[in-house]
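# Geometric and topological summary
Residues per chain are reported as follows:
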Amino acid sequence: MMNDNSIDHYRRRFLKNAGVTAASAVGGVQLINFANAKSDDQAVADSVRWGMLVDTSKCATDCTACVDSCNEEHGLELFDRPESDVQWIRKVELQNKSTGHQVSLPMLCQHCENPPCVDVCPTGASFKRDDGVVLVNKHTCIGCRYCVMACPYLARSFVHENLENQRSWSPRGKGTVESCNFCVHRVDKGEQPACVVGCQSDGHKALLFGDLNDPDSEISNRANTISSRELRADLSLNTAVRYEGL
Amino acid sequence: MPPIRYSRVVGKSKSYFMFLFSLCALALSGLVAAHFMDTNGHHVTGMTNRVVWGLPHVFAIFLIVGASGCLNIASIGTVFGRQDYKPLGRLSALVSIALLIGGLCVLVLDLGRPDRLIIAMTHFNFKSIFAWNILLYVGFLLIVVVYLWFMMEPRMKIYSRKVGVFAFVWRFILTTGTGSIFGFLVARKSYDTAILAPLFIVLSLVIGSAIFILAHSAIMRFGERPLRVPLISKICKLLALFLCLLFYMTLVQHLSFSYATERHGVEKFILAEGGIYTFLFWGVQILIGTLLPLIVFLVPYFNRLSFLLMGCCMVLLGGFAQLYVIIIGGQAYPLEIFPGYIVEDGFFSHSIAAYVPTIPELFLGVGGIALVVILVMMVIRILPFVEESSSSSVH
Ligand code: SF4
């Protein structure tokens, strides 16, 4: 059973395995051996929890490789209306008010363990898969936008425009809400999300994706050895996306 | 008290039909606006991913809370046994139903997928306040219909008090639910406060009473019935009490926000630096919507029908402004995801969001109001809803 008040679930698992495999983690992103790749008729396993670790020290200002890859992968068209265009991942530039320290990082759905968007959705269209990925069922979303109101990270977008050139693997719908789905169509095949691949190809390797429940995964090992934080930790949502160097 | 006689209000004059025709045109333009938004996508509205609920929501919630408050007049008659309110019960229930239908139409037509209404009625996530609201609204409609039937059917009259009490309780739950849509948004500093639930209840009493007084007076005048001005004046005194309560709740809300350091930003925004929202708060909500009507309702000099009705109009303006500030001002203020950092992104996520409503949104909202008036006019034309005569003075 999950204990809301204690340290979050996967951090506890990390602590248990502390020190075992620290050395192998250093050196940036490396492709994860997806023992969990599944065929289409296999159910999603709850033994897995997909997560992402963002190393802000490697994330380059002005680089938008992750955003571009995401837009390309999911066929997200922009209309030069930044406030109503969809964004599944966006680049954020931060400057510490007191020290002046600057950080660049990508913001995306944080795939909370206790997602507020899922709580508020009247029809249950917003849901969380057993492997922790938060998704929107395109067939039952009525476009009420309550989930957009509830998301603490502004990670959700309402589709304000007519859609063209849709990708068969990433169906979308005007008048419904969408957000980062951790590229489940790729992950289920044992591949990495598009943003992670985009970041790697650009040589930054700032994004590490993997199974947080697997004590031997690279992401678990790394999260175990360095300090990282979840955004808006005060809300106790236990996000699957964490940031180093913030 | 002599038995109350009710009759239908059948307008025959040219101006009656002109008025009805204009209302139908307005309601139709609301439908056209909704269709326009639906085919083009919501980018034709002022709404964005920052301000996801715009002017149509303000109209919808205005009508929905008004519906709950309007039924209070019937409750005073049946539940609290005040004889002089009894003749008003039927109309109060009718206007209440019409307001709820109007509000729900606006709400549904503003959905991204209004065609999926059936999904909203068949798929329920019981953890969602919104889902609860759907059940509460539908339940309210059914209860008020039964309530009306019991009030109108002599054989059932003995049960009308029981249904009245039930409806009275239901109303409180319903408005608590509506307020909680905002109050439970834990991530937003502008909301996330339990006071929004009782505040919405009082706001509903304020808006509902004012709407009822205006509707009742208009119907009596156009139906050439005697209007009991002393009763109107009495309801206005009650409205003044609700206004004071609302003022108090608003005060507590802002005092508690001002006390918490983390909410200083949003407080400063609404009260001092928010441009249109600050203006709406001080100028419309507080001055026009609260202080002036209080003077009108409480100073004997203004105790005349024309002033009282003007006071009610001001109250409605204030209530609308209050909802606008809560709903839109609350979204315009940015979420704080990175405390202690200056933030920049292409999405302007950390600056005040701009929102300017567009014409289709306005038409959709006004169309909802037109629908309410049409519904009331049609029903009182067909069924005896309006008291015919009264022993009190005629003005
Ligand atoms: S917009 Fe869709 S996914 Fe979001 S809360 Fe409404 S129905 Fe659920």
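What this report covers is the structure whose coordinates are included nearby. Predicted model, so just to flag it, every value in this text is computed and none were measured.

Scoring rules and cut-offs
- Residues numbered from 1 in each chain as written.
- Chains lettered and ligands numbered in written order.
- Predicted model: local features only at pLDDT ≥ 70, side-chain atom pairs only at ≥ 80, totals over all residues.
- Heavy atoms only, no water.
- Salt bridge = Lys/Arg side-chain N within 4 Å of Asp/Glu carboxyl O.
- Helix = DSSP H or I, 4+ residues; strand = E, 2+ residues; numbered from the N terminus.
- Buried < 20%, exposed > 50% of the residue type's maximum accessible area, 1.4 Å probe, protein only.
- Core = buried A, V, L, I, M, F, W, Y, C linked by side-chain atoms within 4.5 Å.
- Contact = heavy atoms within 4.5 Å.
- Near = heavy atom within 4 Å.
- Nonpolar A, V, L, I, M, F, W, Y, C, P; charged D, E, K, R; others polar.
- Buried area = accessible area lost by both parts, 1.4 Å probe.
- Polar contact = N/O pair within 3.5 Å; in protein donor to acceptor, adjacent residues only side chain to side chain.
- Pairing = 2+ DSSP bridges.
- Axes fitted to C-alpha atoms, helices over the stretch in contact; angles between N-to-C directions.
- 1 Å grid on protein atoms, 1.4 Å probe; cavity = no way out; pocket = protein on both sides within 12 Å on 5 of 7 lines; lining within 4 Å.
- Points joined across faces, edges and corners; volume = space filled by probe spheres on them.
- Patch = residues over 30% accessible without salt bridge, like charges linked within 9 Å, V, L, I, M, F, W, Y side chains within 5 Å.
- Areas by Shrake-Rupley, 256 points an atom, 1.4 Å probe, with all protein chains shown as cover.
- Disulfide = S-S within 2.5 Å.
- Phe/Tyr/Trp six-rings, centres within 6.5 Å; stacked < 30°, edge-to-face > 60°.
- Lys NZ or Arg CZ within 6 Å of the ring centre and 35° of its normal.

We now examine the pattern of salt bridges. All names here are of chain A. Inspection of every chain in the model, using the stated rule, returns 23 salt bridges over all chains. R186 serves as the salt-bridge partner of E73, at 3.4 Å between the closest nitrogen and oxygen. Highlighted residues: E73 in helix α3 (residues 65-74) and R186 in helix α6 (residues 184-187), separated in sequence by 113 residues. Across the pair, exposure class does not vary: E73 and R186 are buried alike. Between D234 and R232 there is a salt bridge whose closest N-O contact spans 2.9 Å. Because the salt bridges share partners, they merge into one network encompassing D55, K58, R222 and E244.

Judged by nonpolar contacts, the single largest core of 190 residues is most densely connected at A:M52, A:Y146, B:F182, B:F297, B:L323 and B:F338. The residues touching B:F182, leaving out its near neighbours within four places in the chain, are A:M149, B:W53, B:I61, B:Y191, B:D192, B:L196, B:F200 and B:I327. One finds B:Y16, B:L20, B:L23 and B:A27 within the second-largest nonpolar core, a separate group that totals 7 residues.

Once that is clear, we can look at the site of the ligand. Near the ligand the following residues occur: A:C121, A:P122, A:T123, A:S126, A:V136, A:C141, A:I142, A:G143, A:C144, A:R145, A:C147 and A:V177. Of the residues belonging to the shell around the ligand, the class tally is 8 nonpolar, 3 polar and 1 charged.

Here we take up the interface of chain A and chain B. Chain A puts 54 residues into the contact, and the matching count from chain B is 52 residues. Both sides together, the interface formed by chain A and chain B hides about 4700 Å², and carbon and sulfur atoms give 58% of it. When the buried surface of chain A facing chain B is broken down by residue, A:E83, A:Y146 and A:M149 rank first, second and third, together holding 18% of it. Applying the counting criterion to the chain A and chain B interface returns 3 salt bridges. Between B:K127 and A:D119 there is a salt bridge; the shortest N-O distance is 3.2 Å. Taken together, the connections running from chain A to chain B amount to 32 residue pairs in polar contact (both at pLDDT 80 or more). Secondary-structure elements contributing two or more residues to the side of chain A that touches chain B are β2 (89-96), β3 (102-108), α4 (116-120), α5 (146-150) and β6 (157-158) of chain A. Top element by residues in the side of chain A that touches chain B is β2(A). It accounts for 7 residues. When the residues that make up the side of chain A that touches chain B are grouped by side-chain class, the tally is 26 nonpolar, 14 polar and 14 charged.

Moving on, we get to the sheet that holds strand β10 (residues 241-244) of chain A. Pairing between the strands of a sheet comes from backbone hydrogen bonds, and it takes one of two forms, parallel or antiparallel. Residues and elements named next belong to chain A. Overall, mixed pairing links the 4 strands, which are arranged β8-β1-β10-β9 in an open sheet. Taken across any chain shown, the strands that pair with only one partner, and hence form the sheet edges, are β8 (207-211) and β9 (228-229). Pairing geometry for strand β1 (residues 50-55) and β10, over 4 bridges, is parallel. When the bridges of β10 are listed, M52 appears paired with V241. Strands β1, β8 and β10 of the sheet are contacted by helix α8 (residues 218-225), whose axis makes an angle of about 115° with β8.

Residue and element names in this part refer to chain B. Looking at the largest pocket, its volume works out to about 860 Å³. Elements with a contribution of two residues or more to the lining of the largest pocket: α1 (14-40), α2 (55-70), α4 (89-109), α8 (196-222) and α13 (359-382). For the lining of the largest pocket, the class distribution of residues is 21 nonpolar, 4 polar and 3 charged.

On to a nonpolar patch on the surface, then. Residue and element names in this part refer to chain B. Together, L287, L291, L292, I295, V299 and Y301 make up an exposed nonpolar region whose accessible area comes to about 510 Å². Position of Y301 relative to the elements: it lies in the loop between α11 (276-298) and α12 (305-332). By relative accessible area, which is 55% here, Y301 ends up exposed.

Our next topic: the pairing of strand β2 (residues 341-345) of chain B. Only one face of β2(B) is buried, namely the one carrying B:Y341, B:V343 and B:D345, since none of B:I342 and B:E344 on the opposite face is buried. For β2(A) and β2(B), the ladder comprises 5 bridges, and the chain directions are antiparallel. When the bridges of β2(B) are listed, A:N96 appears paired with B:Y341.

Looking now at the state of the cysteines. One pass over the full model with this rule turns up 0 disulfides over all chains. Take A:C151: it sits in no disulfide, and the sulfur closest to it among the cysteines is that of A:C117, at 6.5 Å.

For the structure on display, the rule yields 25 aromatic pairs over all chains. With 5.7 Å between their ring centres and 50° between their planes, B:F269 and B:Y277 make a pair best called tilted. On the basis of relative accessibility, which here comes to 6%, the residue B:F269 falls in the buried class. The exposure class of B:Y277 is buried, given its relative accessible area of 4%. Pairwise contacts between aromatic rings join A:Y146, B:W53, B:F130, B:F182, B:Y191 and B:F200 into one cluster. Residue placement shows A:R145 over the ring face of A:F158; its charged tip is 4.9 Å from the ring centre. In this structure, B:R90 packs its charged tip against the face of B:Y6, placed 3.7 Å from the ring centre.

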